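# Breakdown of the fold
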Amino acid sequence: MSAFHQDLALGRWIPRVSVGPRLAGLAKRARREPPEAPEDLLIDDLLIPGPAGAPDVGLRVIRPKTLRGNAPALLWLHGGGMVIGSNSQDDATNFAFARTLGITVASVEYRLSPEHKAPAALEDAYAALAWLVAHAEDLGIDPARIAIGGQSAGGGLAAGLVLLAHDRGEIRPAFQLLVYPMIDDRTVTREDLEPGNMRVWTPRSNRFGWTSYLTRIRE
């Protein structure tokens, strides 16, 4: 591996600490301050209906104040190895998406593992997508131009969400954006990985993330 994504390149300076039950628990209890909305953007934190029998889903909706008419939208899923993270952690990136592309960005607060096994996070994401389509006119969104994206765990969920939408046949996403997606649990069993080519997410973290999300790992 000769090059890293710019986010992971910065990880060179982050101490190699593995995420496990204790660290994940502390991260989930950390207090999150509300964002300071840039002058050119509108930010709404919403609670929308979750999947049947499940809690409501948090959705952070970011829109340029200058947005007029029905514009495209991006449903965004944050990273965190399926066990940590929140829909506010990518605010800077999502602000840039909204501002530069002139679109609405909706970031999903999906349920985390190990408290919530698969497919809880994926179903939360689908509920958010369905809600976005149903309320597209009110939000100034073109329902035919909704993209799905995410990074790391969010990238894996985004890929799964596109497949789920295809299988259910109710919604047709316009595009998918997968940023170093977490899509293959078989990486847990690999023995050919070189520690020098890893950043941020250690093999122990990887095993904890996948075993927390899935009931079993493929060999």
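Preceding block: the structure.
Summary of the structure given here. Since the model is a prediction, treat every value here as computed from it, not as a measurement.

### What about the overall build of the protein chain?
Scanning the protein chain from N- to C-terminus turns up seven helices and six strands. Overall, the protein chain shows an N-to-C arrangement of helices and strands of α-α-β-β-β-α-β-α-α-β-α-β-α. In the protein chain, buried positions account for 45% of the 219 residues. Split by element, the accessible area of the protein chain, about 12100 Å² in all, is 54% carbon and sulfur.

### Examining helix α4 (residues 120-134)
Taking 1.5 Å per residue, 15 residues should reach 21 Å; α4 reaches 21 Å between its end C-alpha atoms and fits that length. Taking burial as the measure, the 15 residues of α4 include eleven buried ones, the bulk of the element.

### Details of the side chain of arginine 111
Inspection of the secondary structure assignment puts arginine 111 in the loop between β4 (104-109) and α4. In terms of polar contacts, arginine 111 uses its side chain to reach the backbone carbonyl oxygen of alanine 120, at 3.5 Å. The residues touching arginine 111, leaving out its near neighbours within four places in the chain, are Pro51, Ala54, Pro55, His116, Ala120, Ala121 and Asp124.

### What to know about the nonpolar core
Residues Leu59, Leu75, Leu132 and Leu161 are the most contacted members of the largest nonpolar core, which totals 38 residues. With eight residues, the single largest contributor to this core is α4. Filtering out sequence-adjacent residues up to four positions away, leucine 161 remains in contact with Leu75, Leu77, Leu122, Ala125, Tyr126, Leu129 and Ile148. Core analysis: the second largest hydrophobic core is formed by twelve residues, Leu74, Phe95, Ile103 and Ala147 among them.

### Description of the pattern of salt bridges
Considering all chains together, one arrives at eight salt bridges under this definition. Two residues, aspartate 44 and arginine 63, come together in a salt bridge whose shortest N-O distance is 2.5 Å. Of this pair, aspartate 44 sits in strand β1 (residues 41-48) while arginine 63 sits in strand β2 (residues 57-64), and the two are 19 residues apart along the sequence. For aspartate 44, a relative accessible area of 28% gives the class partly exposed.

### Details of the sheet that holds strand β5 (residues 141-151)
Pairing is mixed across the open sheet formed by six strands, whose spatial order is β1-β2-β4-β3-β5-β6. A strand with exactly one partner marks an edge of an open sheet, and here the two such strands are β1 and β6 (175-179). Looking at each pair of strands side by side, their axes are set apart by 20° on average, direction ignored. Relative to β4, strand β3 (residues 71-77) is paired through five bridges, and the arrangement is parallel. Bridge pairing links tryptophan 76 to serine 107 in β4.

### With respect to the environment of aspartate 124
With respect to the helices, strands and loops of the structure, aspartate 124 is situated in helix α4. Spatially, the C-alpha atoms of aspartate 124 and aspartate 56 are 8.5 Å apart, while their sequence positions differ by 68 residues. With sequence-adjacent residues up to four places away left out, aspartate 124 is seen in contact with Pro51, Val57, Val108, Tyr110 and Arg111.

### Quick word on the pairing of β4
With five of six residues buried, β4 lies mostly within the body of the structure. The sheet contact formed by β2 and β4 spans five bridges and is antiparallel. Considered in β4, the bridge of isoleucine 62 is made with valine 105. For the crossover from β3 across helix α3 (residues 91-101) to β4, the handedness is right-handed.

What counts as what
Residues numbered from 1 in each chain as written. Predicted model: local features only at pLDDT ≥ 70, side-chain atom pairs only at ≥ 80, totals over all residues. Heavy atoms only, no water. Helix = DSSP H or I, 4+ residues; strand = E, 2+ residues; numbered from the N terminus. Buried < 20%, exposed > 50% of the residue type's maximum accessible area, 1.4 Å probe, protein only. Areas by Shrake-Rupley, 256 points an atom, 1.4 Å probe, with all protein chains shown as cover. Expected span 1.5 Å × (residues − 1). Polar contact = N/O pair within 3.5 Å; in protein donor to acceptor, adjacent residues only side chain to side chain. Contact = heavy atoms within 4.5 Å. Core = buried A, V, L, I, M, F, W, Y, C linked by side-chain atoms within 4.5 Å. Salt bridge = Lys/Arg side-chain N within 4 Å of Asp/Glu carboxyl O. Pairing = 2+ DSSP bridges. Axes fitted to C-alpha atoms, helices over the stretch in contact; angles between N-to-C directions. Right-handed = clockwise from strand over helix to strand, strands pointing away.

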